[in-house]
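What follows is the residue order along each chain.
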Amino acid sequence: MEYKLDRNTHSLLDPRTKLLLLFTSSVFVVGSAGEQRMRVFYWILVFIPVFLLFMEKEWKAGGAAVTIYVGSYFAQIALQHELTALESVLALMLYIITKIIPTVILARYIVRTTKVSEFLTAMHKMKVPDKITIPVSVIFRFFPTVIEESRAIGDAMRMKGIEMGAKKATEAVEYRMVPLIASCSIIGEELSAAAMSRGLDVGKKRTCIWNIKMGFFDWVIIVLCLVCFIWWGIGGLFI
Amino acid sequence: MDTNNNRLNAKDLINVGVYTAICAVICCAVAISGVIPVMMLFLVVFVPILTGIPYMMFLTKVKKFGMILILNILMGALMWVTGMSYYALVVGTIAGLIAEYIYRAGGYMSKWHGIAAYAISGLYCWANYFGIFFNAEAYFSTRQNFGQEYIDAVTRLLPAWMCPVLMIVDVLCGIIGGWIGTKLLKKHFVKAGIA
Amino acid sequence: MICFNNVSFRYARGEESLKNINLTINKGDVVLVCGSSGCGKSTLVRCVNGLIPHFYEGELTGSITVGEMNVSQTTLRKISGYVGTVFQNPRSQFFNVDTTSELAFGCENFGLDPHEIEQRINRTVNRLDLTALMDRSIFKLSGGEKQKIACASIAVEPVDVIILDEPSANLDFKGICELQKMIEAWKEDGKTILIAEHRISYLFPFINRALLMKNGEIKKEYSVEEIKALTEKELHELGLRAESMENPSETRIKGIMDMSDTDKMVLFNMKYAYRGESAVFDIPKMEIPVGEIIGIVGTNGIGKSTFLRCLCGMERRCKAKLKVRDEEWNNRKRRQKIYMVMQDVNHQLFTDSVLEEVLISQDSEDREEALDILKLLDLTEYADRHPLALSGGQKQRVAVASAIASGREIILFDEPTSGLDYYHMLQVSELLKALKEKGKTVIIVTHDVELIKNACTCVIHFGNK
């Protein structure tokens, strides 16, 4: 079968839309701007990441997220009386979890579905300088690497029987950090050499094989985000 | 040679990305424990101490103006997006700029300038609490359903005077973290010849 | 095409690594640069792709021209449009997360028209039969597949010169065959190719000449006929690998002994599957001879490394039991009784001196014994050095020293000789034999035919049912 590159392959949303959504979500979901007045938007923003998960066919993760939201919603209702100390700790934990999970899911979605090349180009169109976009794209790629390395080191420690630190807590930190940093710094150095030997440079024009265009869903999300901010702004005028 | 040039090149920017990723992973690991309410207060202790080690390694790669600032902007942005507050980005940027000048004053190699730069740049961590201090009303109005009792408890734990205290704690832990970082740097990476 | 005029180079930290190199390479030549580790072959090729002096700092004298460009006066970006490089470590040479973008990366950086890039990618993928690898995550590929993508991404670029820096270090037999196809295609296109390697026989069909390097100098130049004529012994003396292209799965080891008499341990219920995928392997029962050196062979990606991880009890989801003598070892027990030397030894070095490294591996610290172990492994003079500062072969020895110090009776190795030259491979094989002498059972996953022939007393072939 003959291979043919489809330059229009992309995830549901454009990188720029993803960032706008992340921004909106961090203002209204995590930052709880607008409080009660934004209630409806709050829940819409909470469920968009779940919808995106389902679109990516991540049924399990999506299902888990829904379960947590629903569970914590009822738990919060159940906890609406005079609280004991333990109950209030529990309530706060729930609160933090429900605030942070949507954004975490969204951030993970963005990292998983955005191609580095797509991201660089989209940011370039928004006139974001290379000095920000290159490090960010390296973070995309390096996050999994750091976790991979860290796991391998954890395994090695477990095998040596030093996972709890041979004698002191400081050693546990040292044993974990030193190989991690050593190995990441070597990989980073080799990565730079490889990238530069393939022409990556700062402030030079580059092209992109992926067609970056706003689609239907992009506009839906953009309008939604704008409405959020407008509604919030209008509300401010009346109060 | 590229290094005589004062413009940041791809290698510098990739290094920034690499060390931001390491610091971010550490922050995440600590922040996960932050779900337990009391631990949240300790973010300001553990994050500066733990990230000191990669940060000091990072500083050995910094020879040009801008790298510290970019790392700080990125860390601030990450903090903001993952649910802290946008103050982290604002404070992070300003702190990064100050740190940049401090480290430059040390000629990009002085140990104590490095520690000071690190301690200052770590202030984005402290800025995470601003939401509680500056907007206490708003911060707690969403938490009404936890009961007045609980709000009183947290407010008691975090009175306004705690704000400067936390800043001092943050800077002190930054100095400790930076100092541990330089120790380990010398013990391991300098000895191994990779720093 | 490529011209070195009296070139010497000294890294910013370290000794002189190139001395008075004079060399001319014509367009369309395929040149092998060989020599043992540390001979300067990698340094030499870095001068061609411009990483020296633009990336690795140091003191460069003499002049290098590639095409019409003087390397030290041309920017790396400009050189990169002319010279493409495949590096040794498949883990660290990707900037993108998905394979398709990685193929396009170089061309995108040069600012080529997207339509042209598209055509180039289609042509390369179809020619090299890579359809199955497209649109995948780099993190889900095996080492061999990654190296294929690395080669393909250079093949997409419109470069005239191609550099391969120890490309076979992490490849198995099948991977090397693929690599050969790649080089053949480039040669057909008339590219100039420069390869730094110490495994050389797989390159014989392509090269026009071979340069032997030693201590930073070009010691000798061979024609193809001359280098083919070198005997195994002569190659070994030069620190080069002599293995002919041979599939490790078909390797026969000398003097197979009768295994029916030896003690055996029995492994039960060995199965493992990644979450949500079908089983990597499923072995109801397997006998492993005690006190032997057992080589496990099989193609990349068949699950050999996972097998080792399960065997030493590191995968909680694997419920295998190992029956040794009359005891049954579960995962926990196996973690205490079995030691594994990982493929990337850097992950296993924790302390600031070699001696310290051995001490923390012991159950209770015993300085005397630790020093004895160092002596056995010829590491005494490095006792105070930082393990990370050692060379690859030395690190491997430190890892073995820790394994001995742990006092465990079964020791596993994951690809202990990948990237090692003949001399260091031999050293590792001697170490394995020393472990056997001490009564340990040694199990190695490897695709190194020479190691199997030198050390293994028994080979287990891992394959699909």
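Just so it is clear, the structure is predicted and the values come from calculations on it, not from any experiment.

Reading the values: the criteria
Residues numbered from 1 in each chain as written. Chains lettered and ligands numbered in written order. Predicted model: local features only at pLDDT ≥ 70, side-chain atom pairs only at ≥ 80, totals over all residues. Helix = DSSP H or I, 4+ residues; strand = E, 2+ residues; numbered from the N terminus. Rg over C-alpha atoms; globule rule 2.2 N^0.38 Å. Contact = placed C-beta atoms within 7 Å. Buried ≥ 20, exposed ≤ 12 C-beta atoms within 10 Å, placed from the backbone. Expected span 1.5 Å × (residues − 1). Domains from an automatic or database assignment. Nonpolar A, V, L, I, M, F, W, Y, C, P; charged D, E, K, R; others polar. Pairing = 2+ DSSP bridges. Core = buried A, V, L, I, M, F, W, Y, C linked by C-beta atoms within 7 Å. Axes fitted to C-alpha atoms, helices over the stretch in contact; angles between N-to-C directions. pLDDT = per-residue confidence, 0-100. Parallel < 35°, antiparallel > 145°, perpendicular 65-115°, else oblique. Left-handed = near helix turned anticlockwise from the far one by under 90°.

Each helix and strand counted, chain C has 16 helices and 19 strands in total. Computed over the C-alpha atoms, the radius of gyration of chain C is 24 Å, within 12% of the 23 Å expected from 2.2 N^0.38 for a compact globule of 465 residues. Projected onto the principal axes, the alpha-carbon positions of chain C cover approximately 70 × 50 × 40 Å. The contacts of chain C with a sequence gap of at least 6 include a subset with a gap of at least 24, amounting to 70%.

Another point: the overall build of chain A. In terms of regular secondary structure, chain A is built from eight helices and zero strands. Counting from the amino terminus, helix and strand elements in chain A follow one another as α-α-α-α-α-α-α-α. For chain A, the residues scored as buried account for 41% of the 239 residues in total. Pairs at least 24 residues apart make up 73% of the contacts formed inside chain A by residues separated by at least 6 positions.

Within the secondary structure, Thr82(B) is located in the loop between α3 (67-81) and α4 (87-105). Taking the C-beta count within 10 Å as the criterion, Thr82(B) has 19 such neighbours and is therefore assigned partly exposed. Along the primary structure Thr82(B) and Ile115(B) are separated by 33 residues, whereas in three dimensions their C-alpha atoms are 27 Å apart. If sequence neighbours within four positions are ignored, Thr82(B) has contacts with Ile100(A), Thr103(A), Val104(A) and Ala107(A).

Attention now moves to the interface of chain A and chain C. Contacts between chain A and chain C engage 44 residues on the former and 53 residues on the latter. Of all the secondary-structure elements, those providing two or more residues to the side of chain A that touches chain C are α5 (116-125), α6 (130-160) and α7 (169-197) of chain A. A total of 13 residues in the side of chain A that touches chain C trace back to one element, the largest contributor, which is α7(A).

What follows deals with the environment of Ala116(B). All names here are of chain B. Here Ala116 lies in helix α5 (residues 111-121). Take Ala116: there are 21 C-beta atoms within 10 Å of it, and that puts it in the buried class. Sequence separation of Ala116 and Phe130 is 14 residues, and the distance between their C-alpha atoms is 23 Å.

A word on unusual backbone geometry. For the peptide bond that leads from Ile52(C) to Pro53(C), omega is 5°, which places it in the cis range. With respect to the helices and strands, Pro53(C) occurs in helix α2 (residues 51-54). In this structure, Lys127(A) takes a positive phi of about 65° despite not being glycine. As for its position among the elements, Lys127(A) is in the loop between α5 and α6. One non-glycine residue, Arg325(C), lies in the positive phi region at around 50°. Along the polypeptide, Arg325(C) turns up in the loop between β14 (321-324) and β15 (327-329).

Moving on to α3(B). Residues spaced three or four apart along an α-helix point in a common direction, a consequence of the helix completing one turn every 3.6 residues. Along its 15 residues, α3(B) runs 21 Å from first to last C-alpha, staying within 8% of the 21 Å computed at 1.5 Å per residue. With respect to burial, α3(B) is a largely interior element, 15 of its 15 residues being buried.

With that out of the way, let us pick up the domain arrangement of chain A. All names here are of chain A. In terms of domain boundaries, chain A breaks down into domain 1 (13-115 + 212-239) and domain 2 (116-209). Tallying the contact residues gives seven residues for domain 1 and 10 residues for domain 2. Grouping the amino acids of the side of domain 1 that touches domain 2 by side-chain chemistry returns three nonpolar, one polar and three charged.

All names here are of chain C. Taken together, the four strands give an open sheet; going across it, the order is β2-β1-β4-β5, and neighbouring strands pair in antiparallel fashion. The open sheet has two edge strands with one neighbour each: β2 (16-25) and β5 (69-70). Note that strand β4 (residues 58-66) and β5 share two bridges and pair antiparallel. In the strand pairing of β5, Val66 is matched with Met69.

Our focus in this paragraph is the nonpolar core. Here is a general trend for soluble globular proteins: nonpolar side chains tend to be buried in one another's company. Of all hydrophobic cores here, the largest spans 242 residues; its most connected members are Ile22(B), Val33(C), Ala401(C) and Leu412(C). Those residues in contact with Ile22(B) that lie beyond four places of it in its chain are Val146(A), Ile181(A), Cys184(A) and Pro54(B). Listed in part, the 24 residues of the second largest apolar core include Phe41(A), Leu45(A), Leu53(A) and Leu106(A).

All names here are of chain C. As defined by bridge partners, strand β3 (residues 30-34) adjoins strand β9 (residues 209-214) across four bridges and the pair is classed as parallel. By the bridge assignment for β9, Leu32 is matched with Ala210. Two strands pair when backbone bridges link them, and β9 and strand β10 (residues 217-223) are joined in this way by six bridges, in the antiparallel orientation. For Lys214, the partnering residue across the bridge sits in β10 and is Glu217. Linking β9 to β10, which pair antiparallel, is a turn of two residues; within it Asn215 sits at a positive phi near 45°.

Another aspect to go through is the sheet that holds β14(C). Within a sheet, neighbouring strands are paired by backbone hydrogen bonds and run either parallel or antiparallel to one another. Residue and element names in this part refer to chain C. Here we have four strands laid out as an open sheet, ordered β12-β11-β14-β15, and antiparallel in their pairing. Each edge of the open sheet carries a strand with a single partner, namely β12 (281-289) and β15. Averaged over all adjacent pairs, the angle separating strand axes in this sheet is 15°, with direction ignored. When strand β11 (residues 264-272) meets β14, the two strands line up antiparallel, connected through three bridges. The residue bridging Phe268 from the neighbouring strand is Lys321, located in β14.

Residue and element names in this part refer to chain C. Tracing the backbone through its elements, the reader meets Asp29 in the loop between β2 and β3. By the C-beta count within 10 Å, which is 17 here, Asp29 ends up partly exposed. It is 57 Å that separates the C-alpha atoms of Asp29 and Val324, two residues lying 295 residues apart in sequence. Among residues more than four places away in sequence, those in contact with Asp29 are Thr192 and Asn208.

Further remarks concern the domain arrangement of chain C. How large an interface is tends to be reported as the accessible area lost when its parts come together. Residue and element names in this part refer to chain C. Taken domain by domain, chain C comprises domain 1 (2-237) and domain 2 (248-461). A straight line from the C-alpha centre of domain 1 to that of domain 2 covers 32 Å. Across the contact, 16 residues belong to domain 1 and 13 residues belong to domain 2. A per-element tally of the side of domain 1 that touches domain 2 places helix α7 (residues 173-188) first, with three residues. Partitioned by chemical class, the residues of the side of domain 1 that touches domain 2 number two nonpolar, 11 polar and three charged.

Before going further, it helps to examine the interface of chain B and chain C. Between chain B and chain C, the contact holds 10 residues from the first and nine residues from the second. Among the elements that line the side of chain B that touches chain C, the one with the most residues is helix α10 (residues 162-192) of chain B, at four residues. Here the residues of the side of chain B that touches chain C are counted per class, giving three nonpolar, three polar and four charged.

This part takes up the confidence of the model for chain C. Put simply, chain C has an average pLDDT of 87, and 96% of its residues get 70 or more. Both scores are available for the predicted complex, with the pTM at 0.89 and the ipTM at 0.88.

Turning our eyes to something else, we now look at the packing of helix α4 (residues 99-110) of chain C against helix α6 (residues 143-156) of chain C. Residue and element names in this part refer to chain C. With their axes 8 Å apart at the nearest point, α4 and α6 run at an angle of 40° to one another. One way to sum up the angle between α4 and α6 is to call them oblique. Considering how the two elements wind past one another, α4 and α6 form a crossing that is right-handed. Contacts between α4 and α6 involve Thr99, Glu102, Leu103, Phe105, Gly106 and Cys107 from the first element and Ile149, Ala152, Ser153 and Val156 from the second. Of the residues that constitute the contact of α4 with α6, the class distribution is six nonpolar, three polar and one charged.

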